[in-house]
Amino acid sequence: MSQIMRAVMCCLAIVACSSSVPPAEPPARSDWRLVIHGGAGVILRADLSAEEEVQYHAALRRALQAGGDILASGGSALDAVQAAVLPMEDDPRFNAGHGAVFTADLGHELDASIMDGRGRDAGAVAGLTRVRNPILAARAVMEQSEHVMFAGSGADRFAESVGLDMVDNDYFSTDRRRASVQGVLDRRERSSAEKAGTVGAVAIDRDGNLAAATSTGGMTAKAAGRIGDAPLIGAATYAQNGICAVSSTGHGEYFIRVGVARAICARRELKGESLQVAATRVLDDVADLGGDGGVIAIDETGRYAFVFNSPGMYRGKIDQDGVETAIFGPNNSATEIAQ
Ligand code: ASP
């Protein structure tokens, strides 16, 4: 097994459940690389049938391939993260776009953000109700408006004005998410398992540019009008050339309070910490406040990290060495990686 492969396997198996920081991973250089997540939460092998597990791996691979094709042919990290998020928004398995969780009012309000590490341009949308692909709306805000963030009906109208595909709100509904919100409302408690499925991507392209994107339906049974971390630049999404790119998933209120994505990049920039150390420290901070979730991150050399303090996180990477995907943490199986 090559050194690069060993480093990659090591990265894929890393989970930060405590304050102990694993040693910094060796460089795993590649001309380009894309890393994605499909949400973190209480994802247990016992809760997924063998068939569902295979389907999740296949869905992650489709997203990786979509973004990887762009990077392999010399495209930008920005286009790659968008291309990776799009198929996950269209896939009902994930809590983004079609398949988004329900609010307590039994509707859908979607959040997304995207950031280009080249000039730190960013675009974000919150509380969308009619835009089929929120990540495209975030990109349009970045490139076709003078603003960084739109929310609510104004965000929907802006997306429509730039020609994005509009849908009825029930386009986002699935039976699985309906049963889930009903269960949460009946029990009047937050279901960590059922909120999993937010999607995100970080990438480095052949020119060394970094980018990050995140898209979500939010938390099951969230109050109407609630905005989570996903559309907030610096909380769930951050990208800065020469430093790092991050996308987060988890209990958004805690990620906002910690400013997770920016904090990871700041630690790397100002303290010189490896991604693994920086992300672990910041996730420890989230855990100390009572929050759970995970992050994916990539630095200016192409090193990357998956760090989460929940039992599982749908995740994967693609680079010149190939595609790898994983779901569970080491508590379930340290070496579970679908090739
Ligand atoms: N972070 C998202 C939110 O709080 C949910 C998630 O990632 O599971 O809206």
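Scroll up to find the structure this text is about.
Residues numbered from 1 in each chain as written. Predicted model: local features only at pLDDT ≥ 70, side-chain atom pairs only at ≥ 80, totals over all residues. Heavy atoms only, no water.

Some details on the nonpolar core
In step 1: Counting 51 residues, the largest nonpolar core has Leu34, Ile36, Val81, Ile114 and Val125 as its most contacted members.
In step 2: In terms of residue count, the dominant contributor to this core is helix H3 (residues 77-90) (seven residues).
In step 3: Grouped together as the second largest cluster of nonpolar side chains are 37 residues, Ala239, Cys265, Leu275 and Ala278 included. (Core = buried A, V, L, I, M, F, W, Y, C linked by side-chain atoms within 4.5 Å. Buried < 20%, exposed > 50% of the residue type's maximum accessible area, 1.4 Å probe, protein only. Helix = DSSP H or I, 4+ residues; strand = E, 2+ residues; numbered from the N terminus.)

Notes on the packing of aromatic side chains
In step 1: In total, this model carries six aromatic pairs according to the counting rule given.
In step 2: The interplanar angle of 80° and the centroid separation of 5.8 Å between the aromatic rings of Tyr56 and Phe94 together place this pair among those described as edge-to-face. In this pair, Tyr56 is assigned in helix H2 (residues 50-72) and Phe94 in the loop between H3 and strand E2 (110-116), connecting sequence segments 38 residues apart.
In step 3: Between Tyr304 and Phe306, the ring centres sit 5.7 Å apart and the planes meet at 85°, which makes this aromatic pair edge-to-face. (Phe/Tyr/Trp six-rings, centres within 6.5 Å; stacked < 30°, edge-to-face > 60°.)

Some remarks on the site of the ligand
In step 1: Around the ligand lies a shell of ten residues, among which Thr198, Arg226, Asp229, Thr249 and Gly250 are the nearest.
In step 2: Relative to its free-state accessible area of 270 Å², the ligand is covered by the protein chains to the extent of 100%. (Near = heavy atom within 4 Å. Areas by Shrake-Rupley, 256 points an atom, 1.4 Å probe, with all protein chains shown as cover.)

Description of the sheet that holds strand E5 (residues 199-204)
Sheet strands pair by backbone hydrogen bonding; their relative direction is either parallel or antiparallel.
In step 1: Spatially, E4-E3-E2-E6-E5-E1-E11-E12 is the arrangement adopted by the eight strands of the open sheet, whose pairing is mixed. Both outer strands of the open sheet, strand E4 (149-151) and strand E12 (322-328), are each paired with one neighbouring strand and no more. Neighbour to neighbour, the strand axes of the sheet diverge by 5° on average, direction disregarded.
In step 2: Bridging between E2 and strand E6 (residues 210-216) involves six bridges; their strand directions are antiparallel. From the neighbouring strand, Asp111 faces E6, where its bridge partner is Thr216.
In step 3: H3 rests against strand E1 (33-41), E2, E5 and E6 of the sheet, and its axis sits at about 155° to E5. (Pairing = 2+ DSSP bridges. Axes fitted to C-alpha atoms, helices over the stretch in contact; angles between N-to-C directions. Contact = heavy atoms within 4.5 Å.)

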